[in-house]
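So the chains spell out like this:
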Amino acid sequence: MMAQSPEPKADEYIKTGTANVPDERGYFGKFGGRFVPETLMPALDELTAAYYEAMADSNFQARLAHLQRTFTGRPTPITYAERLSKALGGAQIYLKREDLAHTGAHKINNALGQALLAERMGKKRIVAETGAGQHGVASATACAMLGLECIVYMGSVDIARQEPNVFRMKLLGAQVIPVESGSKTLKDAINEAIRDWVTNVTSTFYLLGSALGPHPYPMMVRDFQSVIGIEAREQMLELTGRLPDVVLACVGGGSNAIGMFHGFRDDDDVQLIGVEAGGHGIESGEHAARFADPALGRPGVLHGTRSFVLQDEDGQILNTHSISAGLDYASIGPEHAYLRDTERAFYTYATDEDALAALKTLSQTEGIIPALESAHAVAEALKRAPLMPKDSIVLVNLSGRGDKDLGTIMRELGI
Amino acid sequence: MNFTGQETQKAVVSVILTSADGRILLQQRDDKPDLHYPGWWTIFGGYVEDGETPEAAIRRELMEELRIDLPVTHWRTYDCPVRSIPGEVHTRNYVFTAALDRPVESLTLSEGQGMRLFTPEEAAPLVLAFAQHLILRDYLREKCGLSIPSHDDLQGVTAIAAMFKRAEHAGRAAFLPYFPIGFPTIEESLQTIEAMAGVDVDGFEIGIPFSDPLADGAVVQEATQIALNNGVTVRKCLRAVQNLRERGVTQPMLLMGYINPILAYGVERFVADAKVAGADGLIVPDLPAEEGDELAQVCAQEGMAIVFFAAPTSNPERIAVTAKKATGFIYVVTLTGITGERSQLPPDLTDFVHRLREKTGDTPLVMGFGISKPEHARMVGELVNGFIVGSALVRARKQGHTIARDLAADLRAALDE
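Residues numbered from 1 in each chain as written. Chains lettered and ligands numbered in written order. Predicted model: local features only at pLDDT ≥ 70, side-chain atom pairs only at ≥ 80, totals over all residues. Heavy atoms only, no water.

Colleague: Summarise a nonpolar patch on the surface; cite the residues concerned and give the values.
Modeller: A cluster of nonpolar side chains, contributed by A:I369, A:L406, A:M410, A:L413 and A:I415, occupies part of the molecular surface with about 460 Å² of accessible area. With respect to the helices and strands, the residue A:I369 is situated in the loop between α13 (352-366) and α14 (372-384). (Patch = residues over 30% accessible without salt bridge, like charges linked within 9 Å, V, L, I, M, F, W, Y side chains within 5 Å. Areas by Shrake-Rupley, 256 points an atom, 1.4 Å probe, with all protein chains shown as cover. Salt bridge = Lys/Arg side-chain N within 4 Å of Asp/Glu carboxyl O. Helix = DSSP H or I, 4+ residues; strand = E, 2+ residues; numbered from the N terminus.)

Colleague: A description of helix α14 (residues 391-399) of chain B should follow, citing residues and the corresponding values.
Modeller: Residues three or four positions apart in an α-helix share a direction because the helix packs 3.6 residues into each turn. All names here are of chain B. Turning to α14, its buried residues number three or more, namely S391, A392, L393, V394, A396 and R397. Along its buried surface, α14 packs onto β8 (174-180), α5 (186-197), α6 (218-229), β15 (386-389) and α15 (401-414). Remark: G400 follows α14 within two positions and exhibits a positive phi of approximately 145°. (Buried < 20%, exposed > 50% of the residue type's maximum accessible area, 1.4 Å probe, protein only. Contact = heavy atoms within 4.5 Å.)

Colleague: Describe the sheet that holds β8(B), with residues and values.
Modeller: All names here are of chain B. Within the closed barrel, the eight strands sit side by side as β8-β9-β10-β11-β12-β13-β14-β15. Their pairing is parallel. Pairwise comparison of adjacent strand axes, ignoring direction, gives a mean angle of 30° for this sheet. Both strand β13 (residues 330-333) and strand β14 (residues 365-368) contribute to a ladder of four bridges, which runs parallel. Bridge assignment links Y331 to a residue of β14, and that residue is V366. Sitting on the sheet, helix α4 (residues 157-169) is in contact with β8, β10 (253-256), β12 (305-310) and β14, with an inclination near 130° to β8. (Pairing = 2+ DSSP bridges. Axes fitted to C-alpha atoms, helices over the stretch in contact; angles between N-to-C directions.)

Colleague: Break down empty space enclosed by the protein for me, citing the residues and quoting the values.
Modeller: One pass over the full model with this rule turns up eight cavities of 30 Å³ or more. If you go around the largest cavity, you meet 35 residues; those closest to its centre are A:H106, A:K107, A:G326, A:L327 and A:E373. Counting residues per element, the ones that place at least two in the lining of the largest cavity are β5 (125-130), α6 (134-146), α9 (186-199), α11 (255-262) and α14 of chain A. Of the residues contributing to the lining of the largest cavity, the split by class is twelve nonpolar, 18 polar and five charged. For the lining of the largest cavity, the two domains that each supply at least three residues are domain 1 (78-104 + 225-413) and domain 2 (107-216) of chain A. Computed from the structure, the second largest cavity encloses a volume of approximately 200 Å³. Forming the walls of the second largest cavity are 23 residues, and the residues nearest its centre are B:Y331, B:T339, B:F369, B:I388 and B:G390. Of all the elements in the fold, those that place two or more residues in the lining of the second largest cavity are β15 and α14 of chain B. (1 Å grid on protein atoms, 1.4 Å probe; cavity = no way out; pocket = protein on both sides within 12 Å on 5 of 7 lines; lining within 4 Å. Points joined across faces, edges and corners; volume = space filled by probe spheres on them. Nonpolar A, V, L, I, M, F, W, Y, C, P; charged D, E, K, R; others polar. Domains from an automatic or database assignment.)

Geometric values such as these leave the question of function open.
Shown next as structure tokens:
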């Protein structure tokens, strides 16, 4: 059932669509902006200018499109989850297969785009942060292919729980630097990557992995990921003759979701739903659901952008919990806060338990082992589809594959 | 405070209680986290209830709080705005005086965690809840003949300007140590700051700990994490500043903290409370001038300084924007990087300062990042109006209180050579 999409034209891959956000200061409504040390401000100006120049350059876009096709393996297919849909007895479920992109997740879309931009700017040294290791692997991959030096900051707690990805990064020639500060997870890896960037700003490009951080990152990452939504919209029209009723995506920082949503944001009848990590449940306080817990998730500033942030009363950033390292983060991309504010998108959550159950179900009905992150989106589909009519359509962004999570899954399921 | 005219007029009453030997009885508020000004000293008093005269109200309060009935004399009425709880408005404060007719030991305190008699000299430097020290100081001037410099005359931007003038008269740059509240404990951090005040440093950058200090190097990261583990909050940092003022630290103090805790506290409330506590300005390392308008506006209203940064990477346009928005001084980052000691400072600092001066005019320049030795102090002292040392002092403090004080003394003495 693989869709044969027509050869994409270069300028379709990256466009800001009709989205009139962010404004020139990087604000999505009241979210976004640039809260960074002065030392980085000129670098952000330089990056913004270089990004706009690249976007306007058809050679750059053609090169990116070519590599997406020949290196990443785009377009990724859409799979009709026939047995799962039948079993649920409601809406028909379709999966956008970002798990089939090179390196096994959507992260490569952004890593490739930014690495090409770094090359164009003459920056030979790349720093990146990683939580689960997917963005680190994608960055290391893009850098290896382009011959760039790659340094990945990773919390020592994450290094211990994502060992295979650490090995992959090293094999790809990247230097993995363990971060021992704070909670020793993604948040601290970002702090450390920013500190490196501040120190080496003239020679170094910071390859940020999600739709987070100071302007222009949330915009740039969204644009590089929007290939997901643009392809998916076209593929759905071709496969089903219409647009889906509901589009689901998991939201950590929110890059796969924003890339998917972007393709449908002008289609008012398509409901966009982001799924946060509910961890051990909202009432437990051990989660990464910035929107679902009004007691802990409030507007604030983390890592250079104003968005919803899990914080204590005193404005100290809280440690988060999710079974999936990729969703285990205290803030959320500012455009999601904006989409929620303007009610263009809605947000819910799935717990660790929901995600594990969904992972098992999808594996056994469709032969697809999703990443634990993506399993959160699948979990929402399992809840929602039975309540919807049979002729309705749910599209799930299957943002990554589950191989990296086998250790966790085996431990959790007691296999 | 800005009154919209829409507030419900809320009258309060206060009473300055004096003992036979001329001391003043003050009350210490309860130490509950949900209470405003927890643990702060205050003048006895409370709200006027509906239908009550002010005199009846204060006699009722005395009965409720101390179980005594005393004749009171109306001394003064303060119309707004003696500062109050944000969001609530006391438009009028009727202040009474009363002479205690019995020893303090025989009084029963039924509100607050304690009370104490203060001599006029002891009371003068106190910073009271709701800024009632402004009332108390008027009383001390008028009734006790104390000469107390007016607080507002020399706070905020004015105090910082005076600091630079004093250093300039002495033909040297100003030295501002950085030290975080709560390292290694709250009390010990206060002692260290107090000790540095004693070796004639010119001002202080007082660190408010944050969980994610992305502009700081390992030394400050570790110290502020210890401070957080010690339970330090923004509120406790403000109280620490107040405490330092009460201990007689007179140098300007600028609070250095990241933006999120300030937002969580509330920008207006933070600036107002920082001022009441006795701080003079703010330094927010993750707030570039472009994002700083709201905070700058509130600081301007309160006369507090807001310091913005210039870095070696800043281009002339950015330097011009920073110079326009900064008050107090411009924080000049010596190097591209994070805080932390360096064995050598960049060689091209002179050019950098010349570049800055073209755009910054008379605004004082204060250098920081990497400065750690007396020889650095001498070098930057020639170039700019002041400098900040942080990591080196924090590291010295790890070895002991006197080592930190001695390093501060050495850095300060280097400027006299």
